[in-house]
Protein chains: 2
Amino acid sequence: MVTPPLGRRPGKRDTRTEIVAAAREAFRTDGYDGTTIRSGARRAGVDPSLVHHYFGDKAGLFVAVMDLAHDPRRVSEQLALRAGSKGAGLVLAFLDIWEGPASTGEPGSGFIAMVQAASSAPEVATALREFLTERVWRPDGGAPGWGPALVSAQLAGVGWARYVMRVEPIASATPEEVAALVGPTIDRFMAGGQAPEGAGTATE
Amino acid sequence: MVTPPLGRRPGKRDTRTEIVAAAREAFRTDGYDGTTIRSGARRAGVDPSLVHHYFGDKAGLFVAVMDLAHDPRRVSEQLALRAGSKGAGLVLAFLDIWEGPASTGEPGSGFIAMVQAASSAPEVATALREFLTERVWRPDGGAPGWGPALVSAQLAGVGWARYVMRVEPIASATPEEVAALVGPTIDRFMAGGQAPEGAGTATE
């Protein structure tokens, strides 16, 4: 076992995690505009230069907060079996990020904070897009293409209707109901094919 | 012809239109948070009480700005013939609101302002939802139901990907390309049925 040098914080990972947790709280209570690298550092009890070192700028810090320690692809595979299709599993995974056990605050508050920050600051939208491209849409480095772009548009629209606009019946439906209705569209966008016959049709 | 009483502004409609135009400019340059009933009234050269009289509160004023003198249902019917389906026509109408000849500022800037305002102020989301329910989703007064809710989620997601996140290829595609790909999903959500065979499949 390697003993860390005296005088250093016990581990890079813990410091980073503490900063992200403090920043999450700062963004939640003060909003994106009201939060600074300095105020985030103060909450975490570290020097602002350390926040710059780990995250670059405020947009980078915000993306780290949005990361939420989830890997959407892995989660989706787990949920696809339960949900019946890959698309429905992806919808469940998406909703789980914002209202599942690992989310903080009111259900959907993280999504609302993300929408607010990305629409207020173009650099946040750019950082989120680069993060999603690298981690989710196209880990092999290519351009996202129509499939991932349309899937992300559909998922974002569901979050918008459910959390921001609170449009019924989307707002009060269970995640499983939403997944059953929207999943086939996701499947179609992902596969470049048709939705399964008779599945997920919208009836009033 | 009826002559308006002396000392009154020439017509309710013109004053209202002037206030909306001034408020649009105020929301665009100062954002939702930076705009007040008072600053909007000052720009329009009217008394703040008149703005309160016409629009109630700031959220009501914002919804009037969002109205844009469009009736999405009427526009959609005109475009449906050109686009090939009602769903594709609705997508074209939606994109036309934010980037067509009648839009102001950068393409999509009105959508970004709407997203920013609704995610920052719950009363804006509520006012927009009530406006859409009354004017677009359910003019007969009933609850929107799954069809309109899913259609609005899909359209909002397209706007999110195209204007806020600028996800390619959605961001740079022509409105007709977007309509061809997303239209069948809208048709399916509206009809409670399947997308037309072979239409609008996503390929990378």
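Residues numbered from 1 in each chain as written. Chains lettered and ligands numbered in written order. Predicted model: local features only at pLDDT ≥ 70, side-chain atom pairs only at ≥ 80, totals over all residues. Heavy atoms only, no water.

Asks: Tell me what's going on with the domain arrangement of chain A, and back it up with residues and numbers.
Replies: A common way to express how large an interface is: the accessible area buried when the components associate. All names here are of chain A. Taken domain by domain, chain A holds domain 1 (12-67) and domain 2 (72-191). Inter-centroid distance (C-alpha atoms) of domain 1 to domain 2 is 24 Å. At the interface, nine residues of domain 1 touch 15 residues of domain 2. Interface area for domain 1 against domain 2, summed over the two sides, is near 1,000 Å², with a carbon-plus-sulfur share of 77%. Among the residues domain 1 hides against domain 2, the three largest losses belong to Tyr32, Val63 and Met66. Together they make up 45% of the total. Scanning the region where domain 1 abuts domain 2 turns up zero salt bridges. For the pair domain 1 and domain 2, the number of links is zero residue pairs in polar contact (both at pLDDT 80 or more). Elements supplying a minimum of two residues to the side of domain 1 that touches domain 2: helix 1 (12-34) and helix 4 (58-67). (Domains from an automatic or database assignment. Contact = heavy atoms within 4.5 Å. Buried area = accessible area lost by both parts, 1.4 Å probe. Salt bridge = Lys/Arg side-chain N within 4 Å of Asp/Glu carboxyl O. Polar contact = N/O pair within 3.5 Å; in protein donor to acceptor, adjacent residues only side chain to side chain. Helix = DSSP H or I, 4+ residues; strand = E, 2+ residues; numbered from the N terminus.)

Asks: Describe the packing of aromatic side chains, and please don't skip the residues or the numbers.
Replies: A complete count under the given rule lists 16 aromatic pairs over all chains for this structure. Judged by centre distance (5.5 Å) and plane angle (80°), the rings of Trp98(A) and Phe111(A) are edge-to-face. Taken as a pair, Trp98(A) in helix 6 (residues 86-99) and Phe111(A) in helix 7 (residues 109-120) lie far apart in primary sequence, 13 residues in all. The two residues Trp98(A) and Phe111(A) agree in class, both being buried. Ring centres 6.1 Å apart and planes at 80° place the aromatic pair Phe94(B) and Phe111(B) in the edge-to-face group. Of the two residues, Phe94(B) sits in helix 6 (residues 86-99) while Phe111(B) sits in helix 7 (residues 109-120), which places them 17 residues apart along the sequence. Per residue, the accessibility class of Phe94(B) equals that of Phe111(B), and both read buried. (Phe/Tyr/Trp six-rings, centres within 6.5 Å; stacked < 30°, edge-to-face > 60°. Buried < 20%, exposed > 50% of the residue type's maximum accessible area, 1.4 Å probe, protein only.)

Asks: Outline empty space enclosed by the protein, supporting the account with residue identities and numerical values.
Replies: Summed over all chains, the structure comprises three cavities of 30 Å³ or more. For the largest cavity, the calculated volume is near 180 Å³. Considering the residues around the largest cavity, the lining is formed by 15 residues, among which Arg24(A), Met66(A), Thr104(A), Ser109(A) and Gly110(A) are closest to the centre. Elements with a contribution of two residues or more to the lining of the largest cavity: helix 1, helix 4, helix 6 and helix 7 of chain A. Residue composition of the lining of the largest cavity, by class: nine nonpolar, four polar and two charged. Looking at which domains feed residues into the lining of the largest cavity, each of domain 1 (12-67) and domain 2 (72-191) of chain A gives three or more. Taken as a whole, the second largest cavity spans an internal volume of roughly 50 Å³. Contributions of two or more residues to the lining of the second largest cavity are made by helix 7 and helix 9 (146-164) of chain A together with helix 7 and helix 9 (146-164) of chain B. (1 Å grid on protein atoms, 1.4 Å probe; cavity = no way out; pocket = protein on both sides within 12 Å on 5 of 7 lines; lining within 4 Å. Points joined across faces, edges and corners; volume = space filled by probe spheres on them. Nonpolar A, V, L, I, M, F, W, Y, C, P; charged D, E, K, R; others polar.)

Asks: Can you lay out the nonpolar core for me, pointing to particular residues and giving the numbers?
Replies: What tends to happen in soluble globular proteins is that the nonpolar side chains get buried as a cluster. Counting residues in hydrophobic clusters, the biggest one holds 127 residues, and the most contacted among them are Met114(A), Val124(A), Trp160(A), Met114(B), Val124(B) and Trp160(B). Contact partners of Met114(B), with chain neighbours within four places excluded, come to Trp160(A), Phe62(B), Met66(B), Trp98(B) and Leu128(B). (Core = buried A, V, L, I, M, F, W, Y, C linked by side-chain atoms within 4.5 Å.)

Asks: Explain unusual backbone geometry to me, and be specific about the residues and the numbers.
Replies: Residues and elements named next belong to chain A. With an omega dihedral of 5°, the bond running from Glu168 to Pro169 counts as a cis peptide bond. Looking at where Pro169 falls in the secondary structure, it is placed in the loop between helix 9 and helix 10 (175-191). Residues other than glycine seldom take positive phi values, yet Arg166 does so here, at roughly 50°. Locating Arg166 in the fold gives a position in the loop between helix 9 and helix 10.

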